[in-house]
Amino acid sequence: MNKLHIVSNRLPFSIVTQQDQISLKPSVGGLATGMKSVYKDFEGRWIGWPGVATEDFSASDFEKIDTMLQKEGCETVPLSSYEVETFYEGFCNRTIWPLFHYFNQYVDYSPEFWESYVKVNQKFADKTIEVIDDGDYVWVHDYQLMLVPGMIKKKRPDIIIGFFLHIPFPSYEVFRFLPWRNEILEGLLGADLVGFHTYDYERHFLSSVRRLFGYEISFNRIHIEERIVLADAFPMGIDYDKFHNAALQTISKTLREKSQLHQELEKVFFVSPERKLILSIDRLDYSKGIPHRLRAFEKFLEKYPEYRTKATLVMLAVPSRNSVPQYQQLKREVEELVGRINGLYGSVNYSPVWYFYRSLPFENLVELYSMSDVALLTPVRDGMNLVAKEYVASRINQTGVMIISEMTGVVKEMAEAIVINPNNEDEVAEAIKQALEMPVDEQRARMAVIQNRLKRYDVFKWAEQFVASLKRIAQIQRDFISK
Ligand code: GDG
């Protein structure tokens, strides 16, 4: 049996310590859900970091963690706090993340970060090489591990490797700023299949390969001496049924079963039945365009005073990367804007913006999705944006309107939504009005089309198709060598 091993920065479990007892908590993110379905079938291992620095535990506790993870099919790559700081918070989140999201002015090109990135990628590659048997497949994930495919290929040229990038691949004119652009491309080209959310990212990648290395490229095949590398688009889906079924349960709950948040939201409609909820959910990240959204909402209230008591923006900002200065600055900016809007247009009975700076349990997330009339998502750059897909999956009676930024990957699958440029605040303000006034028939017609599309291509299909392509490329590679 050929196994498939998954390599990602984080393992699909986090470590929980309660009263000196260490336990594992499964992650619920999109990647973990999609991958669990494939890696169990292929009997492979999951190689990754458990999310805690080695110094945070005694050597014996770390061994315990390692053993627990081994039992779950995982191989641990331990990272010291210096590595967490320079590799993860450094090169990943202060170099690659801003550059690939077109935030040039935020990029930190410290050579110390780069050196750590190389060393940590080598650790991941070495651990993977230890577990590979002949004929196995490897699937490496995301921007934290772009050198890993090349490092594995160097030692095991016979192994078929896939790589998937979860964030945008920027245009060559941006990518070329990176002092280590050649090394990153060489790393990626160690894979036999390089996957992206959209065709645009694939195109940018191919153009960087052509311009930096001059390799011959026919359609999406890159010819490198004795082998070829295939680039392709695989738009990531969500666990559609999970969200849909949870939303079904939410609307059928009796009063006693309802969460406190659910009851609070219902009270609003009880007091003012005409009130509409506009939902905004993201990690607090500068790529998500949160200040743009707030300014557009402010403009909307300024321009259409009749909505001043009728529209509430429910904004969930999930804490993220607090140690990076730009994230601290963004938090202050968002809080100031929320304060300004509430100060200007709020009254005893009405708060224009309900702002939550925290992460909510899954149940509450689905309640927000299913009770909001409009989803307002305005990233200035976003690889995909799974929140948009989750909102759609949670709309049981097919009402609800999606306003989505044209700078996201998800927009390619949502032509029926209201598509906006997040930098055009007047356009966003008009879109809010259009969404709030959209006739129910039109809402249903648009929503039904998007729902059908997302239901068909869910996260399981996504993983299945990537793996099927990986197997096809194994054959193409063999044919190519025997020619
Ligand atoms: C990266 C790329 C790409 C959010 N708040 C809570 C919560 N969430 C969950 C959502 C969703 C996930 O987090 C966020 O996913 P996104 O795709 O929207 O954004 P990123 O975190 O930036 O993800 C992105 C993605 O990778 C996948 O390839 O789409 O472009 O940037 O699943 O549900 N979950 C819970 N409570 C919260 O408060 N439980």
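From a predicted model like this one, the values you see are computed outputs, not experimental measurements.

All right, on to the confidence of the model for the chain then. Averaged over all residues, the pLDDT of the chain equals 93, while 98% of them reach at least 70. Overall fold confidence (pTM) sits at 0.96, and the ipTM for the predicted complex is 0.98.

As a further point, take the sheet that holds strand β5 (residues 74-76). Paired through backbone hydrogen bonds, the strands of a sheet run either parallel or antiparallel to each other. The mixed open sheet is built from nine strands, whose spatial order is β5-β4-β1-β6-β7-β8-β11-β10-β9. The open sheet has two edge strands with one neighbour each: β5 and β9 (216-218). Adjacent strand axes in the sheet meet at a mean angle of 20° when their direction is disregarded. Where strand β4 (residues 46-49) lies against β5, three bridges are found, and the strand directions are parallel. Each residue of the ladder has a partner; that of isoleucine 47, found in β5, is glutamate 75. Sheet strands in contact with helix α8 (residues 199-213) are β8 (193-196), β9, β10 (221-224) and β11 (227-233), and its direction is about 150° off that of β11.

Time to look at the site of the ligand. Around the ligand sit 20 residues in total, of which His166, Ser359, Gly383, Met384 and Leu386 are the nearest. Ranked by the residues each element gives to the shell around the ligand, the list is headed by helix α14 (residues 386-393), at three residues. In terms of residue class, the shell around the ligand is made up of eleven nonpolar, six polar and three charged.

When you line up the elements, asparagine 452 lands in helix α16 (residues 440-456). For the pair asparagine 452 and glutamate 89, spaced 363 residues apart in sequence, the C-alpha to C-alpha distance is 39 Å.

A separate point is α8. Taking 1.5 Å per residue, 15 residues should reach 21 Å; α8 reaches 21 Å between its end C-alpha atoms and fits that length. The set of residues buried in α8 consists of Tyr201, Glu202, His204, Phe205, Leu206, Ser208 and Val209. Looking at the buried residues of α8, the elements they touch are α6 (172-175), α7 (181-188), β8, β9, β10 and β11.

Turning to the environment of phenylalanine 300, a few remarks are in order. Following the sequence through the fold, phenylalanine 300 ends up in helix α11 (residues 290-303). Judged by C-beta crowding, with 25 C-beta atoms within 10 Å, phenylalanine 300 ranks as buried. It is 7.1 Å that separates the C-alpha atoms of phenylalanine 300 and glutamate 430, two residues lying 130 residues apart in sequence.

Counted at 1.5 Å a residue, the expected span for helix α15 (residues 425-436) with its twelve residues is 16 Å, and the 17 Å between its end C-alpha atoms agrees. Taken residue by residue, α15 has Glu425, Val428, Ala429, Ala431, Ile432 and Ala435 as its buried positions. Down the axis, α15 shows its buried residues gathered within 160° of arc, on one side only. Here the buried face of α15 lies against β12 (276-283), α11, β15 (374-377), β16 (401-405) and β17 (418-420).

In this structure, Ala388, Met402, Ile403 and Ile432 are the most contacted members of the largest nonpolar core, which totals 137 residues. Among the elements that line this core, the one with the most residues is helix α3 (residues 81-100), at nine residues. Apart from residues lying up to four places away in sequence, alanine 388 is in contact with Ala375, Leu377, Met402, Ile404, Val410 and Met414.

Basis of the calculations
Along each chain, residue indices are assigned from 1 in the same order as the chain's sequence is written. Reporting of local features is limited, given that this is a predicted model, to residues whose pLDDT is at least 70; pairs of side-chain atoms are given and counted only at 80 or more, and all residues count toward the totals for whole chains, interfaces and linings. Note: pLDDT gives the predictor's confidence per residue, expressed from 0 to 100. By this definition, two strands are paired if DSSP reports at least two bridges between them. Runs of E in the DSSP output that reach at least two residues are strands. Runs of H or I that reach at least four are helices, and both are numbered from the N terminus. To get an axis, fit a line to the C-alpha atoms, keeping to the stretch in contact for a helix; angles then go from 0 to 180 degrees between the N-to-C directions. Note that contacts rest on C-beta atoms placed from the backbone: two residues are in contact if these are within 7 Å. Only the C-beta atom, placed from the backbone, is used; a residue is near a molecule or strand if that atom lies within 6 Å of it. All amino acids are sorted into three groups, where Ala, Val, Leu, Ile, Met, Phe, Trp, Tyr, Cys and Pro are nonpolar, Asp, Glu, Lys and Arg are charged, and the leftover types, Gly among them, are polar. The span one expects for a helix is its residue count, reduced by one, times 1.5 Å. Exposure classification rests on a simple neighbour count of other C-beta atoms within 10 Å of a residue's own: a residue reaching 20 or more is buried, one at 12 or fewer is exposed, and one in between is partly exposed. C-beta atoms are placed from the backbone. Throughout, the arc means that of the directions going from the helix axis to the C-beta atoms. Residues of type Ala, Val, Leu, Ile, Met, Phe, Trp, Tyr and Cys that are buried and joined through C-beta atoms within 7 Å form what is called a nonpolar core.

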